Amino acid sequence: MMLRAAIIGYGKMGRIRHEAMDRHGGFEVVVACDTVVDPEASIPMVTNPLAVYDYDPDVIVCSVPNMMIPDVVCTALARGKHVFSEKPPGRNSADVRLIGVAP
């Protein structure tokens, strides 16, 4: 079974995660989101993190700056998505608690 993945934060680490998923073979990366669209990207790109849900992903890969992690992760969990977040879950204990109570 192939899992449909969206990457939010398509900088250096987002691209490394994309390459890792391609090597693994169990994922189809269907969209990436970043502040600037890369015209040479091999997949569709959006600039609004909520737009990735239009592509019906199963998995959200969160590769954003620490200040954005709680919002991205909590939104994905609330939408019933599997989430991979590579960094600490926030900047402080309040951020971490937000993720801990996300549905």
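Structure shown above.
Criteria and cut-off values
- Residue indices follow the written sequence of each chain, beginning from 1 at its first position.
- The predicted nature of this model means local features are confined to residues of pLDDT at least 70 and side-chain atom pairs, given and counted, to a pLDDT of 80 or more, with totals for whole chains, interfaces and linings taken over all residues.
- As a rule here, side-chain values cover all heavy atoms of the structure and leave hydrogens and water aside.
- Using a grid of 1 Å spacing that covers the protein atoms alone, one calls a set of points a cavity when a 1.4 Å probe fits there but cannot get out, and a pocket when the set is open and has protein on both sides within 12 Å along at least five of seven lines; lining residues are those with an atom within 4 Å of a point.
- Grid points are joined across faces, edges and corners, and a volume is the space filled by probe spheres set on the points.
- Each helix is a run of DSSP H or I of at least 4 residues and each strand a run of E of at least 2, with the numbering of both proceeding from the N terminus.
- For two strands to be treated as a pair, DSSP must find at least two bridges joining them.
- Each aromatic pair joins two rings of Phe, Tyr and Trp (for Trp, the six-membered one) with centres within 6.5 Å, and gets the label stacked for planes under 30 degrees apart, edge-to-face for over 60, and tilted for any other angle.
- Criterion for a charge above a ring: Lys NZ or Arg CZ within 6 Å of the ring centre, and within 35 degrees of the ring normal.
- Only one rule defines a salt bridge in this text: a Lys or Arg side-chain nitrogen within 4 Å of an Asp or Glu carboxyl oxygen.
- Remark: exposure states derive from per-residue accessible area (1.4 Å probe, protein chains only) relative to the maximum for the residue type, with buried under 20%, exposed over 50%, and partly exposed in between.

Trainee: Quick rundown of the layout of surface pockets? Include the residues and the values.
Mentor: Here the largest pocket defines a volume of roughly 190 Å³. Along the wall of the largest pocket there are 16 residues; nearest its centre are Gly9, Asp34, Thr35, Val64 and Pro65. At 3 residues, the largest contribution of residues to the lining of the largest pocket is made by helix 1 (residues 12-24).

Trainee: Quick one: what's the story with the sheet that holds strand 4 (residues 59-62), residue by residue and with numbers?
Mentor: Read from one edge of the open sheet, 5 strands run 3-2-1-4-5, paired in parallel fashion. Single-partner strands in this sheet number two, and they are strand 3 (45-46) and strand 5 (82-85). In the sheet, strand 4 pairs with strand 5 via 4 bridges, with the strands oriented parallel. Bridged to Val61 within strand 5 is Phe84.

Trainee: Describe the packing of aromatic side chains, naming the residues involved and giving the relevant values.
Mentor: For the structure shown, the criterion picks out 0 aromatic pairs. Its guanidinium or amino end placed over the ring of Tyr53, Arg79 lies 4.2 Å from that ring's centre, counting from NZ or CZ.

Trainee: Could you give an account of the pattern of salt bridges, with specific residues and numbers?
Mentor: Tallying each qualifying case throughout the model produces 3 salt bridges. The closest approach of N and O atoms between Glu28 and Arg4, which form a salt bridge, is 3.8 Å. Placement of Glu28 in strand 2 (residues 27-33) and of Arg4 in strand 1 (residues 3-8) is noted, with a sequence separation of 24 residues between them. Of the residues examined, Glu28 reaches a relative accessible area of 38% and is grouped as partly exposed. Look at Arg4 and you get partly exposed, because its relative accessible area is 28%. Notably, a salt bridge pairs Arg15 with Asp38, separated by 2.8 Å at the nearest N-O pair. Of this pair, Arg15 sits in helix 1 while Asp38 sits in the loop between strand 2 and strand 3, and the two are 23 residues apart along the sequence. In this structure Arg15 comes out as partly exposed when scored by relative accessible area, which is 31%.

Trainee: Break down the environment of Lys12 for me, with residues and values.
Mentor: Looking at where Lys12 falls in the secondary structure, it is placed in helix 1. Judged by its relative accessible area of 66%, Lys12 falls in the exposed class. Spatially, the C-alpha atom of Lys12 lies 16 Å from that of Ile43, the residues being 31 residues apart in sequence.

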